[in-house]
Amino acid sequence: GEDVEQSLFLSVREGDSSVINCTYTDSSSTYLYWYKQEPGAGLQLLTYIFSNMDMKQDQRLTVLLNKKDKHLSLRIADTQTGDSAIYFCAEKGQAGTALIFGKGTTLSVSS
Amino acid sequence: DSGVTQTPKHLITATGQRVTLRCSPRSGDLSVYWYQQSLDQGLQFLIQYYNGEERAKGNILERFSAQQFPDLHSELNLSSLELGDSALYFCASSVEGSGGVDTQYFGPGTRLTVL
């Protein structure tokens, strides 16, 4: 079945780059998303990538997609303490509408 | 602020009870989705409505039901509540409810605690 896997924790120092990784199983996924959840808040869409793209850059965020290995990554350049949050990778499932989420990666940024 | 509103923010109730969670989508969005976030299961899709009609169903229990009204707001009804139903319930909305990029925007969630 469909599954999305992420590592649970990542700790970085302020100013460093963060790389959050994700693997998915549904090769028919057409769109892959990154959402951010801050404590006590809802999910904020950060960016998405279409499956025929290898890379997408949006200010400090870079998304890399390796479709052959079904591997997605989110790189945050110049990570700030305000980037501390849980980051979720999600794919659109075979039904084409619902999002299938990973368990989330908690990013901790220390100053 | 995503433009999706959910009420109430918090709900505390007892086992066996029934509650209703409410969601208003972003202006112009026709589709509403409900997700449950719990510590053990993570974020799970429950159900989707598009313009008043059910479009897709996920891991929604028979004790749970939802509807979308003509003004496009949606309600999620949870009945015969069990301790394991304690979770954060999110509503999301999108324009088309289709398989395209059709981005889903999430509300702040309703935290349900069943005692």
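Right above here is the structure, for reference.
Residues numbered from 1 in each chain as written. Chains lettered and ligands numbered in written order. Predicted model: local features only at pLDDT ≥ 70, side-chain atom pairs only at ≥ 80, totals over all residues. Heavy atoms only, no water.

Caption draft 1: Unusual backbone geometry, seen in detail. Put simply, T7 of chain B and P8 of chain B share a cis peptide bond, and its omega is -10°. Looking at the secondary structure, you find P8 of chain B in the loop between strand 1 (5-7) and strand 2 (10-13). With a phi angle near 55°, Q59 of chain A is a residue other than glycine that sits in the positive phi range. Counting through the fold element by element, Q59 of chain A comes out in the loop between strand 6 (55-58) and strand 7 (61-66). One non-glycine residue, L72 of chain B, lies in positive phi territory at about 80°. With respect to the helices and strands, the residue L72 of chain B is situated in the loop between strand 7 (64-68) and strand 8 (74-78). Given the relative accessible area of 17%, L72 of chain B is considered buried. (Helix = DSSP H or I, 4+ residues; strand = E, 2+ residues; numbered from the N terminus. Buried < 20%, exposed > 50% of the residue type's maximum accessible area, 1.4 Å probe, protein only.)

Caption draft 2: Representation of the state of the cysteines. Inspection of the entire model under this criterion finds 2 disulfides over all chains. A sulfur-sulfur distance of 2.0 Å marks the disulfide that ties C22 of chain A to C89 of chain A. Given an S-S torsion of about -60°, the disulfide between C22 of chain A and C89 of chain A has left-handed geometry. You can see C22 of chain A sitting in strand 3 (residues 18-24) and its partner C89 of chain A sitting in strand 9 (residues 85-92), a full 67 residues away along the chain. Neither residue differs from the other here; C22 of chain A and C89 of chain A are each classed as buried. Through a disulfide, C23 of chain B is tied to C91 of chain B; the S-S separation comes to 1.8 Å. For the disulfide bridge between C23 of chain B and C91 of chain B, the dihedral angle about the S-S bond is near -50°, and by the sign convention the bridge is left-handed. With C23 of chain B in strand 3 (residues 19-24) and C91 of chain B in strand 9 (residues 87-94), this pair connects stretches of sequence that are 68 residues apart. As far as burial versus exposure is concerned, C23 of chain B and C91 of chain B are alike and both buried. (Disulfide = S-S within 2.5 Å.)

Remember that the coordinates give geometry; whether it matters functionally is a separate question.
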